[in-house]
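Chain residues, written in single-letter form:
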Amino acid sequence: MNKQACLRLSREGQTGRTDARPPPALPTDDKYTWNTGEHYTSLPRQASLSSSTCRPRKGPAVFLGLARMMRYSARPMGSKAQSTKGRSFQKPKGTRDFYPLELLRRRYVTETWRAVSIRHGFEEIDGPTFEHAELYTVKSGEGILSELFSFSREGGDDLYALRPEFTPTLARMYAAQAASLPKPCRWFCIPNFFRAERPQRGRLREFCQWNCDIIGEGFGTALDGELEIVAVGALSTLGMTPTNCQVSNFHRNIWTRIFGHAGIPEQQFASWFDWVDRYFRLTPEQRMEYALRFGASQKQVTDMTGVVQVMNGEAQAQAGSIDEHVIREVTAPSAAALAAVSDHFRDTGFDGWFKWDATLVRGLAYYTGTVFEVLAEGERAIAGGGRYDNLIELFGGPATPACGFGMGDVVLGNLLTDHGLMPGADGDAGALMDAVQNVTTGALGSVSLRPDVFVVSADEDADGDVVPLVAQLRRGVESDTWRERGGKPWDADRYAIPPMHARPTDKATRNLKKLLQDAERARARFCAIVHTEGRVQLKDLDKREDLAHPSKGDWSASPVDEHYVGRRWSAIRNG
C-alpha cells in the first residue's frame, strides 16, 4: 500500500470519533497529518510508513490505532521543541515548594489536626479537587467567579473551578445521602484549596486547610460550642494559650433583630453588617461617611454606634434612641444561644479562651447564627466559622442545621514559628522528625479510629459530669516533669495520661441498655458510665465485663484522684 492510501485510511478513521469536530482537509504535501481537535500533528519525511506496516489484509483498524497512538505523542504541526538552556523557572505566584523539612513541618500540623479531630469523634472525608463552577455561584453569586481558578474542558461546555473552600462540596455530599447518614454527622477534612486573589502574608493562592463540620437533625446550640472546642483543642495541643490567642464569638441574629427594631429596611442589612465588621477599623467620621453612602441616616449611625458600645460593655456608651433594656429584650433568644456556647467553654475547662465581640459578623451571607474567629495579635484570623442552617437545603437536601469552621496552615504556621512552637524551625531536623513521629504513632495521645471510651450518664443527676469528663479524657493530663522542664508541645514525655478518643452519646434516651448498644455501634473499646458524685463504672465492651477498682469498686471522674478512670485506661493502653 502506498503512502497516500495510508493517509486516506487514517483520515477516514478519525472521522468516526463522536467527540471531535469534522476534520479539515488534510494537506497533500509529503508529511502525514491528522486531526487532533485543536492541533494537527505531523511526522517528518524520514518517519514514513513502510509497506510492511501497511498491509491491506489488516484493514483500517490498524491504521486508526496507529494514527491515534501518534496523535497523542506527536507535537503540534510546525512546532519545534524550545530550548530551555539558560532559563530558570519559578513556582507560580502565591504557591509554595515543600522540600523534605518544610513538608515535615506541615505534616506536624496536619497530623495534629487529624489526631485532634479523631479524638473528638470526627470522621474524615474528602471530595474532588474541582467542582462545577455553579456549585459556588449558587451560594455566592456570579461575582465569585473572579476569585476562582475556573476552566472548561477542551471542546466542552461545562465550566469547572478549583475548589476555593469545602463547605459547598460538603453540602452537596450530605444532600446526596441525607436520608441514610447518622444524625448528626461529625466530618473533617484536610485538603488543598485554590483562590485567585492577590497573595499576602498569611493568604496564598494555594493552601492547606482543616475543616470540621457538624451536620444533622437534632443539632442543639450546645454543639456550636462543641465544634469551637475542637479548634481550641488543636491550638492547645500545639502549645497555644489564651494569652496569645482567643476565640471571639457573636450571633448574627442579634444584629438582624436590632436592625429590624431600628426600622432599617432589609435590603440594607448586608451593608450594615459590613459597617459593623469595619467598626473598629474606621474613625467615627469614617463610619458616618461610609453609612451615609449606602443610604443610612445620621440618626441610625448614632443609634448603631450606641448599640455596639452597649453590647461591648463600654463604660461610656454613646446616647442613642435605643434603650439598653430594649437591646437586651430584643436580642434575648440569640444571646441565650451564645451563652450556651460560653457555658460549654467553661464546662470543658477552656473558659479563658472565650471572648464576646459584638462587631464579629463574618463576611459570608449564609451564616445564620453563632459566628466565631480565632484571633491572635499581629495576625489575621487563624480560624473562622459559624452556623449555616440553610445551606444543605440550597443544594437539594432537607432543611438541616449545620455548623463548621476552617483553619488554614499558612497563618497557623506563621504563628507557631513566631512563638517558637514549630519543631525544627531552628534547623534541628532530628527534633522535627521526632515531633512528627510522636504525633503519628500516638506517643502524644491516642489516634485510634475506634473510640477508646464511650461516656454516658446513669441518671439525670450525673448529666453535668459527662461533658467535663469527655473533655478531660480528650485533653489528657500533662506530666509534672514536662511542666517543670518547660518542655515543648511535641515532647514524647508531655503527658502522664495521654489524650484519648472519647465520645458521648447523642441519644436522648436514659435507657442504659440502649446507651450501651449505642457504644457498641460506635465500636468503642470501653464504656464509662457516670454516676452521681463523679463515680464512674468502667465496662470492657470487647470482653463484656466490668473493670472494677480493686478497693473502691467505682472509678473517679476527677483527674487529680489516684483512681481516675483515665489513669486506668492509660495503664491498659500501655499494656
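Residues numbered from 1 in each chain as written. Predicted model: local features only at pLDDT ≥ 70, side-chain atom pairs only at ≥ 80, totals over all residues. Heavy atoms only, no water.

*Asks:* Please explain the packing of aromatic side chains as it appears in this structure.
*Replies:* What characterises a pair of aromatic rings is the spacing of the ring centres plus the angle enclosed by the ring planes. The full count for this structure, using the stated rule, is 21 aromatic pairs. Aromatic side chains phenylalanine 130 and phenylalanine 151 sit 5.6 Å apart centroid to centroid with 65° between the ring planes, which places their arrangement in the edge-to-face category. Remark: phenylalanine 151 occurs in strand E5 (residues 150-152) and phenylalanine 130 occurs in strand E4 (residues 130-132); sequence separation between them is 21 residues. By relative accessible area, which is 39% here, phenylalanine 130 ends up partly exposed. Ring centres 5.1 Å apart and planes at 90° place the aromatic pair tryptophan 210 and phenylalanine 405 in the edge-to-face group. One end of the pair, tryptophan 210, is in strand E9 (residues 206-215); the other, phenylalanine 405, is in strand E14 (residues 402-408), with 195 residues separating them in the sequence. Linked through ring pairs, Trp255, Phe259, Phe269, Trp272, Phe273, Trp275, Tyr279, Phe280, Tyr290 and Phe294 together constitute an aromatic cluster. Of note, arginine 163 hangs over the ring of phenylalanine 193, and the distance from its end group to the ring centre comes to 5.5 Å. A cation over a ring is seen here: arginine 252 above phenylalanine 273, with NZ or CZ 4.2 Å from the ring centre. (Phe/Tyr/Trp six-rings, centres within 6.5 Å; stacked < 30°, edge-to-face > 60°. Helix = DSSP H or I, 4+ residues; strand = E, 2+ residues; numbered from the N terminus. Buried < 20%, exposed > 50% of the residue type's maximum accessible area, 1.4 Å probe, protein only. Lys NZ or Arg CZ within 6 Å of the ring centre and 35° of its normal.)

*Asks:* Sorry, what's going on with the packing of helix H3 (residues 100-119) against helix H6 (residues 222-237) here?
*Replies:* Helix-helix packing is described using two parameters, namely the angle between the two axes and the distance between the axes. Orientation of H3 relative to H6, taken along the N-to-C sense of each, is 135°, at an axis distance of 9 Å. By the angle between their axes, H3 is oblique relative to H6. Both H3 and H6 take part in a crossing whose hand is right-handed. Contact residues: Thr112, Trp113, Val116 and Arg119 in H3; Val230, Gly233, Ala234 and Thr237 in H6. Tallied by class, the residues present in the contact of H3 with H6 amount to four nonpolar, three polar and one charged. (Axes fitted to C-alpha atoms, helices over the stretch in contact; angles between N-to-C directions. Parallel < 35°, antiparallel > 145°, perpendicular 65-115°, else oblique. Left-handed = near helix turned anticlockwise from the far one by under 90°. Contact = heavy atoms within 4.5 Å. Nonpolar A, V, L, I, M, F, W, Y, C, P; charged D, E, K, R; others polar.)

*Asks:* Any chance you could explain unusual backbone geometry here in plain terms?
*Replies:* Of all residues except glycine, most have a negative phi; of all peptide bonds, most are trans. Lysine 183 connects to proline 184 through a cis peptide bond whose omega is -5°. Mapped onto the secondary structure, proline 184 falls in the loop between helix H5 (167-176) and strand E7 (185-189). Of note, arginine 523 is a non-glycine position whose phi angle comes to about 65°, a positive value. A positive phi angle, near 60°, is found at glutamate 533, a position not held by glycine. Its place among the elements puts glutamate 533 in the loop between strand E19 (526-530) and strand E20 (535-540).

*Asks:* Got a minute to help me understand the nonpolar core in this structure?
*Replies:* Nonpolar side chains tend toward joint burial in soluble globular proteins. Grouped together as the largest cluster of nonpolar side chains are 59 residues, with contacts concentrated most on Trp255, Phe259, Trp272, Trp275 and Met304. Looking at which element gives the most residues to this core, the answer is helix H10 (residues 298-311), with six residues. For methionine 304, the residues in contact, after removing those within four places along its chain, are Trp255, Ile258, Phe259, Ala262, Ile264, Trp272, Trp275 and Ile322. (Core = buried A, V, L, I, M, F, W, Y, C linked by side-chain atoms within 4.5 Å.)

*Asks:* Looking at this structure, I do not really get the side chain of histidine 501. What am I missing?
*Replies:* Looking at the secondary structure, you find histidine 501 in the loop between strand E17 (495-497) and strand E18 (502-504). Engagement of the side chain of histidine 501 in a polar contact is seen with the backbone oxygen of isoleucine 118, the distance being 3.1 Å. There is a polar contact of 3.0 Å between the side chain of histidine 501 and the side chain of arginine 503. Excluding residues that lie within four positions of it along the chain, histidine 501 makes contacts with Ile118, Arg119, Gly121, Ser446, Ser448, Leu449, Arg450, Pro451, Asp452 and Val453. (Polar contact = N/O pair within 3.5 Å; in protein donor to acceptor, adjacent residues only side chain to side chain.)

*Asks:* Honestly, the packing of helix H7 (residues 252-261) against helix H8 (residues 269-277) in this entry has me stumped. Any pointers?
*Replies:* Put simply, H7 and H8 touch, their axes get as near as 11 Å, and they point 120° apart. For the element pair H7 / H8, the angle class is oblique. As H7 runs across H8, the sense of the crossing is right-handed. Note on element contacts: H8 touches H7 through Phe269, Trp272, Phe273 and Val276, opposite Arg252, Trp255, Thr256, Phe259 and Gly260. Of the residues belonging to the contact of H7 with H8, the class tally is six nonpolar, two polar and one charged.

*Asks:* For this particular structure, what's the right way to read the environment of tryptophan 482?
*Replies:* Inspection of the secondary structure assignment puts tryptophan 482 in helix H17 (residues 480-485). Placed ten residues apart in sequence, tryptophan 482 and alanine 492 show a C-alpha to C-alpha distance of 9.5 Å. Sequence-distant contacts of tryptophan 482, defined by excluding residues within four places in its chain, comprise Gly487, Lys488, Pro489, Asp491, Asp493 and Arg494. Within the structure, the side chain of tryptophan 482 is placed 2.9 Å from the backbone oxygen of lysine 488, a separation counted as a polar contact.

*Asks:* Explain the pairing of strand E13 (residues 383-387) to me, please; I cannot follow it from the model alone.
*Replies:* Here is the key point about a regular strand: its side chains alternate between the two faces of the sheet. The element E13 is extensively covered by neighbouring structure, given that five of its five residues are classed as buried. With four bridges connecting them, strand E12 (residues 370-375) and E13 associate as antiparallel partners. In the sheet register, valine 371 faces E13, and the bridge partner there is glycine 386. Bridge analysis of E13 against E14 gives five bridges, and the strand direction is antiparallel. Each residue of the ladder has a partner; that of glycine 386, found in E14, is glycine 404. (Pairing = 2+ DSSP bridges.)

*Asks:* Even after reading the chapter, I still don't get the sheet that holds strand E6 (residues 159-162), so can you show me in this structure?
*Replies:* Adjacent strands of a sheet form backbone hydrogen bonds with each other and so pair up, either parallel or antiparallel. Across the sheet, which stays open at both edges, the three strands sit in the order E4-E6-E5 with antiparallel pairing between neighbours. In this open sheet, the two strands that pair with only one neighbour each are E4 and E5. Neighbouring strand axes in the sheet, compared pairwise and without regard to direction, differ in orientation by 35° on average. In the sheet, E5 pairs with E6 via three bridges, with the strands oriented antiparallel. What sits directly across from phenylalanine 151, in E6, is tyrosine 160.

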